[in-house]
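The chain contents come next:
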Amino acid sequence: MRLDVRPPSRIAVNLLHDIEAAWVDSASAAIVSHARNHPNDVFYAASFWLCYVDYTMFGTPCFALNTERAIEQEGDDLRWSPADWQFSCTDSTVEAMQPLYEMLSDELSGRAESEWDLVIEEHFSVLARVCRRITIDARSRRGVFADTVLHPDFVVGIFEYREGDPLFTQLIRASIAPEILATLRSPVWEP
């Protein structure tokens with residue numbers, strides 16, 4: 001970190017901790033709910049995407065889910081494209097998370113872009129930790145996933161695709177453990 005950059009406020013840091021905990025709960029609940037409401041479908045992935053920030057507001061990312069049946073119908077080239085998934089943005093997660101993102105936006109209002117940049121970077125780290133934790137919990141059938149039927153290779157990642165953007169691969173690598181990433185079908189990211 002550069003010495004001339006003011007670190008994020010304690011309130012912003014605390015809000016990021018709250019956002020991390022709330023995402024684990026909200027995203028896990030969305031996965032379980034969708035799996036129960038669609039018992040004939042096998043969910044293989046979930047994703048954070050559409051992580052919008054414009055230095056005046058922090059948008060609530062979309063949390064998407066997709067099934068093997070949807071990929072069979074739409075084509076494997078959309079396997080890691082949450083904008084094209086069957087459930088491209090779960091309303092329940094947006095509704096649950098919106099107040100925290102509004103508080104974070106309010107806290108950063110009027111602050112320097114350098115401070116926003118630090119919070120943006122830490123926010124991606126938060127989402128990456130959430131992805132890894134939920135992937136482990138879902139695959140090991142821990143907690144709320146104990147009775148949830150998912151694809152054995154179920155994974156949660158940050159698939160924030162922007163053509164030609166190296167951040168895409170960085171976010172995937174940050175959000176998915178290397179040993180899991182190496183096993184995923186039809187990758188569209190850099191090896």
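Starting from 1, residues in each chain are numbered consecutively following that chain's sequence as written. Two thresholds apply to this predicted model, a pLDDT of at least 70 for residue-level local features and 80 or more for giving and counting side-chain atom pairs, whereas whole-chain, interface and lining totals are computed over all residues. Hydrogens and waters are ignored; side-chain quantities use all the structure's heavy atoms.

A.B. asks: Sorry, what's going on with the side chain of Arg 79 here?
C.D. replies: Helix numbering and strand numbering both begin at the N terminus, where a helix is a DSSP run of H or I of at least 4 residues and a strand a DSSP run of E of at least 2. Relative to the assigned elements, Arg 79 resides in the loop between α2 (68-74) and α3 (91-108). Polar contact criterion, stated in full: a pair of N or O atoms within 3.5 Å, where within protein one must be able to donate a hydrogen and the other to accept it, and residues adjacent in sequence count only if both atoms are side-chain atoms. A polar side-chain atom of Arg 79 sits 3.0 Å from a polar atom in the side chain of Glu 68. At 2.6 Å, the side chain of Arg 79 and the side chain of Asp 76 are in polar contact. Note on contacts: a residue pair is in contact if any heavy atoms of the two residues lie within 4.5 Å. What Arg 79 contacts, discounting residues up to four positions off in sequence, is Tyr 44, Glu 68, Ile 71, Trp 85, Arg 185 and Ser 186.

A.B. asks: So what exactly am I meant to see when it comes to the nonpolar core here?
C.D. replies: The nonpolar side chains of soluble globular proteins are, as a tendency, buried together. We call a set of buried residues a nonpolar core when its members are Ala, Val, Leu, Ile, Met, Phe, Trp, Tyr or Cys and they connect through side-chain atoms within 4.5 Å of each other. For every residue, the accessible area obtained with a 1.4 Å probe (protein chains only) is divided by the maximum for its type, and the residue is called buried under 20%, exposed over 50%, and partly exposed between those limits. Among the nonpolar cores identified, the biggest contains 41 residues, and Trp 23, Ile 31, Phe 48, Phe 63, Leu 104 and Val 156 are the most heavily contacted of them. Counting only elements with at least two residues in this core, the list comes to α1 (10-37), β1 (43-49), β2 (62-67), α3, α4 (113-140) and β3 (155-158). Excluding residues that lie within four positions of it along the chain, Trp 23 makes contacts with Ser 28, Phe 48, Thr 60, Pro 61, Phe 63, Thr 93, Met 97, Tyr 101, Leu 127, Val 130 and Ile 134. In this structure, Leu 78, Ile 172, Ala 177 and Ile 180 belong to the second largest nonpolar core, which totals 19 residues.

A.B. asks: In this structure, what is going on with the environment of Glu 72? I would like to understand it.
C.D. replies: One can find Glu 72 in helix α2. On the basis of relative accessible area, Glu 72 is assigned to the exposed category, the value being 66%.

A.B. asks: When you look at the pairing of β2 in this model, what are you seeing that I'm missing?
C.D. replies: Each regular strand carries side chains that alternate between the two faces of the sheet. Taken across its six residues, β2 has six buried, putting it largely inside the fold. Residues Cys 62, Ala 64 and Asn 66 line one face of β2 and the alternating positions Phe 63, Leu 65 and Thr 67 line the opposite face, and both faces are buried. Whether two strands pair comes down to DSSP finding at least two bridges between them. Looking at chain direction, β1 and β2 are connected through six bridges and run antiparallel. For Ser 47, the partnering residue across the bridge sits in β2 and is Ala 64.

Interpretation in functional terms is not warranted from these geometric data alone.
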